[in-house]
Amino acid sequence: MSTAKSNQVRKKGEKRKEGKGKTVGIIILVVVILVLGGIILYLLLAQKPEEERRNVVVTPDNVEEVIQQMAEEDFVDPGYYTVRMNYDWHFATGDAVSSDAYVENLAENTNAVYLDLFLTSDEENAIYKSPVIPVGSSLGDIALDTALDAGTYDCVAVYHLVDDDQNTISTLRVTVTVIVEG
């Protein structure tokens, strides 16, 4: 009898040890999962988001600086564009054809372009949308799509260099002053 009792006690002890072993294994597994999850979370949060690349507004005052920055960049966008235009556009009235607004897509350029003109205070609504200007062509006789009251307006012309399917390859921003006489 004592042997039977001793076997029962031994089996209960083995079951307890077996249960403790499973519990310890589960705890270790949970700790490992938490540590791995923490490491993954740290790595994801520690990564710096890629800085958004923005276009630069080119003005007569900063044109040399912008050219220098572009020359120092590691990559080159397909196509390039040299702007030949005047920067002050005069209109007799807000709905008249400009007496001097002029844009040229030089023969040396590689892509057709079009431009959208925005008030600097509202770059959501274009006040002028040009047709596509082929390489070697120019655009004059410009009338605004949105009539403006008399006054002087600071604007931004956003040039879109396009491929043969008129998909934008890159953009160029240039300041323009619109002057409406009356």
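Residues numbered from 1 in each chain as written. Predicted model: local features only at pLDDT ≥ 70, side-chain atom pairs only at ≥ 80, totals over all residues. Heavy atoms only, no water.

Could you give an account of the pattern of salt bridges, naming the residues involved and the relevant values?
Across all of its chains, the model carries two salt bridges by this definition. One salt bridge in this structure joins R84 and E104, with 3.4 Å as the shortest N-O distance. Taken as a pair, R84 in strand β2 (residues 83-85) and E104 in strand β4 (residues 103-105) lie far apart in primary sequence, 20 residues in all. For R84, a relative accessible area of 44% gives the class partly exposed. (Salt bridge = Lys/Arg side-chain N within 4 Å of Asp/Glu carboxyl O. Helix = DSSP H or I, 4+ residues; strand = E, 2+ residues; numbered from the N terminus. Buried < 20%, exposed > 50% of the residue type's maximum accessible area, 1.4 Å probe, protein only.)

Hey, could you go over unusual backbone geometry for me, with residue numbers and the actual values?
Even without a glycine there, the phi angle at D141 is positive, about 50°. Within the secondary structure layout, D141 lies in the loop between β7 (138-139) and β8 (151-162). A relative accessible area of 67% means that D141 is categorised as exposed. The phi angle at Q166 is positive, at roughly 65°, despite the residue not being glycine. Take Q166: it is sitting in the loop between β8 and β9 (168-180).

Describe the environment of V176, naming the residues involved and giving the relevant values.
Relative to the helices and strands, V176 is located in strand β9. Linking V176 and L119, residues 57 residues apart in sequence, is a C-alpha distance of 9.3 Å. Not counting the four nearest positions on each side in its chain, V176 is found in contact with M85, Y87, W89, L117, Y153, D154, C155 and A157. (Contact = heavy atoms within 4.5 Å.)

Please set out the sheet that holds β7 residue by residue, giving values where relevant.
Taken together, three strands build an open sheet; the order of strands is β2-β4-β7 and the sheet is antiparallel. Of all strands in the sheet, those with a lone pairing partner are β2 and β7, marking the two edges. (Pairing = 2+ DSSP bridges.)

Lay out the pairing of strand β5 (residues 112-119) in plain terms, naming residues and giving numbers.
Within β5, seven of the eight residues are buried, which leaves the element mostly enclosed by the surrounding structure. Relative to β8, β5 runs antiparallel, the two sharing eight bridges. Within the sheet, the bridge partner assigned to F118 lies in β8 and is V156. Here β5 runs beside strand β6 (residues 122-129); their pairing, made up of four bridges, is antiparallel. Paired with L119 across the bridge in β6 is D122. Connecting β5 to the antiparallel partner β6 that follows it, the hairpin turn spans two residues.

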